[in-house]
Amino acid sequence: MSSSDHEPTTTAEDPPTPTTTAPVSEDGREHVPPSARIHENDSDQEITEKLKRQGVRVGAGTIAPAVFWPSLILIAAVALVAILAPDPTGEVLSTIQGWITTNLGWFYMLAIGVFIIVALAICFSKFGKIRLGKDDEKPEFGVLSWFAMLFAAGMGIGLVFYGVGEPLGYATTTPKPGWPGTETGADGVTSIIPGQEHAVAMLGMAQTFVHWGLHPWAVYAVIGLAVGYAIHRRGRPVSIRWALEPILGNRVKGWMGDVVDIVAIFGTIFGIATSLGLGVQQIGAGLTAMGIVEAPDQTLLVVLIIVITLLATLSVVSGIGRGIKWLSNINLSMAAILVISVLLLGPTLFLFQNLVQSVGVYLAEVMNMTFDVGAYTGEAGASWGASWTIFYWGWWVSWAPFVGVFIARISRGRTVRQFIGGVLLVPTLVGFLWFSIMGGTGLWRQLFSDDPIVPEGASEFGVEAALFDVLGDLPLGSVLSVIAILLVAIFFITSSDSGSLVVDMLASGGHPNPPIWSRVLFALLEGALAIGLLLAGGLGALQAASIATALPFSLILIAMCFAIVKALKKDQDAIDARERRLRYQQISDRLSEDFDDAFGEQVDHRIDYRISRTTGVFDRRRAGGTATQTAAPDSPPSPTPATEPDAARNRDQSRRLFRGRRKDGQ
């Protein structure tokens, strides 16, 4: 990501001439003068000065003190308390998670549904033609390159961690309460009715598609579109607060904007820490499956977090170009090798059949699963939602600032319709393919082989170990297991590198090149927070932290829906007005040049039909001694043909009339 994303743009709202003070529009937003827009070749000092001209409060060390210090203190305090007092921290997180899932689970479910509706409505509306940049600007990246980067953003530790375990868990030990083919006992445990395993497995694949397909990417589409419009269309800094400028106006420069960026930083750090915690658990399970260690205890997991955090810090120090670029290429290549190997070495025919059938079940059940808040399944449904759907929605919302800024910056020059279509479609299809292959392989072994992964009657199994159980049963299983371990590690290094940069940009007021010491500091904080959450309760604490931190930012995302619709409507109104003026000008030019051809010869000696012109017997007047009165109806008028100079004069008057209207803008 380079500062080239901040070249000046021109919109229908921009003033025609540069001004030293930014004029204010009707909705309270300032027009960004060209002198305050960030250019590709600007130095760091020039960028800092331009940020200040836009109202950003940048202090010493190229940081925004009102955002940097509160974020740093809060995150450091949580990490320190979790490390020093893990048990009380775990209890607090568990209490918060229980209250949110019991009382606000419906809100999370409804919010995700609203994001899907808003994204699709904008995509297919007249706003879809608006471009994220100048009206005539071409996309910065080609279609294939852009799709590849969206694919990279969609991949992560989560896909590797849950790729096998999630569908397999739904089909064995953790079916959703209320599904056909299941029953929930008095103890609150849900089990599968004998003979219904296949039907439940199909529902499990559809539920996995819901968790990893259209729904999370609708969240990213909303925030990515709002941020992309602010930075590419309006020339604002890369900061979450500016996405709310259409509804907050100049208040985004004050404490309201500071709170928005602080909440975004807080959520991003917790989202990355959650991913790191899941990643090291899976690496530990892989080392155990390969016989390198006996069991992944807490000491091993802490050591793994420290090692991966240090590697991520080195990547941060090396710079964005040298770090993320080549790491992204490596993890994409390794992910492709892994999934293609499983497809070819596993039950290939079944995997293709599973993909097609699972998509069909997904399309049939997606509406029900989107709004299923567990109203009729009681405590069992609430507990299941806290462990799965509500946890995922919280995790996606926590990741929204990071992913949203990333996809916004790579989408310059795309239309709104192209942006939403690409963001929703490409990662969703990748997720469907990934889970159909990885999860389908696990299901085939469980349902159709003589060596099931989950023993019959088992009440639980290790989700993090399911991947290595599947890989170990394939030819070249040891090699594929090593690739999977490296893939998880590199995924986190890439996520930490990119996430630290986004966090630092927010803490620096939107500066595209924040200080390295700040990036290192936040990268280390991510590792410290992951250690604290693991000590405080492992996977449960990670899930609770994601759900809790996502709640305030979900409110910001809802506000973004209103903000981006308002901004697009105002922009579209300006475009429509400009097109109407252009059409009127074309008509005026046509009339002024060819009036006679369009309407015939102009009539200049007209009859006076005013009411006052009709006179009576007492209204007679004498002129020159002769009485004059209104001509009789049958008296033919005296023809007085218009002379050629008169006709020319009339055409000139017509032209002046139309030109005057054009100048007045009528």
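It should be emphasised that the depicted structure is a prediction, and the values quoted were computed from it without experimental measurement. (Residues numbered from 1 in each chain as written. Predicted model: local features only at pLDDT ≥ 70, side-chain atom pairs only at ≥ 80, totals over all residues. Heavy atoms only, no water.)

### Examining the packing of aromatic side chains
Argument step 1. Summed over all chains, the structure comprises 31 aromatic pairs.
Argument step 2. Relative to Tyr108, the ring of Phe107 has its centre 6.2 Å away and its plane inclined at 80 degrees; by these criteria the two rings are edge-to-face. Tyr108 matches Phe107 in its accessibility class, with the two residues each being buried.
Argument step 3. Look at Tyr392 and Trp395: their rings are 6.5 Å apart centre to centre, the planes differ by 15 degrees, and that puts the pair in the stacked class. Linking Tyr392 with Trp395, this pair stays in helix H15 (residues 389-409), spanning three residues, or about one helical turn.
Argument step 4. Of the residues examined, Tyr392 reaches a relative accessible area of 0% and is grouped as buried.
Argument step 5. Its guanidinium or amino end placed over the ring of Trp146, Arg414 lies 4.7 Å from that ring's centre, counting from NZ or CZ. (Phe/Tyr/Trp six-rings, centres within 6.5 Å; stacked < 30°, edge-to-face > 60°. Buried < 20%, exposed > 50% of the residue type's maximum accessible area, 1.4 Å probe, protein only. Helix = DSSP H or I, 4+ residues; strand = E, 2+ residues; numbered from the N terminus. Lys NZ or Arg CZ within 6 Å of the ring centre and 35° of its normal.)

### Details of empty space enclosed by the protein
Argument step 1. Summed over all chains, the structure comprises four cavities of 30 Å³ or more.
Argument step 2. Looking at the largest cavity, its volume works out to about 70 Å³.
Argument step 3. A per-class count over the lining of the largest cavity returns three nonpolar, three polar and four charged.
Argument step 4. Computed from the structure, the second largest cavity encloses a volume of approximately 50 Å³.
Argument step 5. Taken together, 12 residues form the lining of the second largest cavity, with Tyr229, Ala230, Trp242, Ala243 and Pro246 sitting closest to its centre.
Argument step 6. If you list the elements that add at least two residues to the lining of the second largest cavity, you get helix H8 (214-233), helix H9 (245-248) and helix H20 (539-593). (1 Å grid on protein atoms, 1.4 Å probe; cavity = no way out; pocket = protein on both sides within 12 Å on 5 of 7 lines; lining within 4 Å. Points joined across faces, edges and corners; volume = space filled by probe spheres on them. Nonpolar A, V, L, I, M, F, W, Y, C, P; charged D, E, K, R; others polar.)

### Overview of the packing of helix H10 (residues 255-289) against helix H17 (residues 463-472)
Packed helix pairs are specified by the crossing angle of their axes together with the interaxial distance, meaning the distance between the axes.
Argument step 1. Two elements in contact, H10 and H17, have axes whose closest approach is 8 Å; the angle formed by their N-to-C orientations is 40 degrees. One finds that H10 runs oblique with respect to H17. With respect to the hand of their crossing, H10 and H17 are arranged in right-handed fashion. Contacts between H10 and H17 involve Gln281, Gln282, Ala285, Gly286 and Ala289 from the former and Glu464, Ala465, Leu467 and Phe468 from the latter.
Argument step 2. Class assignment for the residues of the contact of H10 with H17 results in five nonpolar, three polar and one charged. (Axes fitted to C-alpha atoms, helices over the stretch in contact; angles between N-to-C directions. Parallel < 35°, antiparallel > 145°, perpendicular 65-115°, else oblique. Left-handed = near helix turned anticlockwise from the far one by under 90°. Contact = heavy atoms within 4.5 Å.)

### Describing the nonpolar core
Argument step 1. Formed by 181 residues in total, the largest nonpolar core has its most connected members in Tyr162, Ile240, Tyr392, Phe553 and Met560.
Argument step 2. With 17 residues, helix H18 (residues 477-507) is the largest single contributor of residues to this core. (Core = buried A, V, L, I, M, F, W, Y, C linked by side-chain atoms within 4.5 Å.)

### Thoughts on a nonpolar patch on the surface
Argument step 1. A surface patch of nonpolar side chains, about 670 Å² in accessible area, is lined by Trp106, Leu110, Val114, Ile117, Met367, Phe371 and Val373.
Argument step 2. Among the elements that line the nonpolar patch, the one with the most residues is helix H3 (residues 86-123), at four residues.
Argument step 3. Along the chain, Ile117 turns up in helix H3.
Argument step 4. On the accessibility criterion, Ile117 (55% relative accessible area) is exposed. (Patch = residues over 30% accessible without salt bridge, like charges linked within 9 Å, V, L, I, M, F, W, Y side chains within 5 Å. Areas by Shrake-Rupley, 256 points an atom, 1.4 Å probe, with all protein chains shown as cover. Salt bridge = Lys/Arg side-chain N within 4 Å of Asp/Glu carboxyl O.)

### Here's the deal with unusual backbone geometry
Argument step 1. A positive phi is found at Leu476, a non-glycine position, where the angle reads about 60 degrees.
Argument step 2. Tracing the sequence through the fold places Leu476 in the loop between H17 and H18.

### Brief notes about helix H11 (residues 298-318)
Argument step 1. Over its 21 residues, H11 runs 30 Å from end to end, which matches the ideal 30 Å to within 8%, given 1.5 Å per residue.
Argument step 2. Burial in H11 covers these residues: Leu300, Leu301, Leu304, Ile305, Ile308, Thr309, Ala312, Thr313, Ser315 and Val316. (Expected span 1.5 Å × (residues − 1).)

### Focus: the confidence of the model for the chain
Argument step 1. Per-residue pLDDT for the chain averages 84, and the proportion of residues at 70 or more is 83%.
Argument step 2. Averaged pLDDT values over the elements of the chain bottom out at 47 in strand E4 (residues 626-628) and peak at 97 in helix H13 (residues 348-370).
Argument step 3. Throughout residues 623-635 the model reports pLDDT below 50, and contacts reaching past four residues in sequence, or to other chains, amount to eight contacts.
Argument step 4. Here residues 661-666 is modelled with pLDDT under 50, and outside its nearest four sequence neighbours on either side it reaches eight contacts, counting other chains as well. (pLDDT = per-residue confidence, 0-100.)

### A look at H13
Argument step 1. Look at H13: 30 Å from first C-alpha to last across 23 residues, which is about the 33 Å you get at 1.5 Å a residue.
Argument step 2. Ala364 marks the point of greatest bend in H13, at about 50 degrees. (Bend = angle between axes of the 7 residues up to and from the residue.)

### Thoughts on the side chain of Glu526
Argument step 1. Within the secondary structure layout, Glu526 lies in helix H19 (residues 516-535).
Argument step 2. For the buried Glu526, no salt bridge is present, and the opposite-charge side chain at shortest range is Arg519, 11 Å distant.
Argument step 3. A polar atom in the side chain of Glu526 sits 3.2 Å from the side chain of Ser500.
Argument step 4. Each residue touching Glu526, except ones within four places of it in the same chain, is listed here: Ile269, Ile272, Ala273, Leu276, Ser496, Gly499 and Ser500. (Lys, Arg positive; Asp, Glu negative; His and termini not counted. Polar contact = N/O pair within 3.5 Å; in protein donor to acceptor, adjacent residues only side chain to side chain.)

### Concerning the pattern of salt bridges
Argument step 1. Taken as a whole, this structure holds 13 salt bridges when the rule is applied.
Argument step 2. Notably, a salt bridge pairs Asp258 with Arg57, separated by 2.4 Å at the nearest N-O pair. Of the two residues, Asp258 sits in helix H10 while Arg57 sits in the loop between helix H1 (44-53) and helix H2 (65-84), which places them 201 residues apart along the sequence.
Argument step 3. A residue is classified by how much of its surface remains accessible, and Arg57, at 46% relative accessible area, is partly exposed.
Argument step 4. Salt-bridge contacts for Glu245 lead to Arg234; the nearest nitrogen and oxygen are separated by 3.8 Å. Of this pair, Glu245 sits in helix H9 while Arg234 sits in the loop between H8 and H9, and the two are 11 residues apart along the sequence.

### Thoughts on the packing of H8 against H20
Argument step 1. Following both chains from N to C, one finds H8 and H20 inclined at 50 degrees, their axes separated by 9 Å at the closest point. Taken together, the axes of H8 and H20 are oblique relative to one another. Along this stretch, H8 crosses H20, giving a crossing that reads as left-handed. When H8 is examined against H20, the residues Val219, Val222, Ile223, Leu225, Ala226, Tyr229 and Arg233 are found in contact with a partner set consisting of Phe553, Leu557, Met560, Cys561, Ile564, Ala567, Leu568, Asp571 and Ile575.

### Some details on the side chain of Gln97
Argument step 1. With respect to the helices and strands, the residue Gln97 is situated in helix H3.
Argument step 2. Accessibility expressed as a relative area gives 13% for Gln97, which makes it buried.
Argument step 3. Beyond its immediate chain neighbours, meaning those up to four positions away, Gln97 contacts Ala386, Gly540, Gln543, Ala544 and Ile547.

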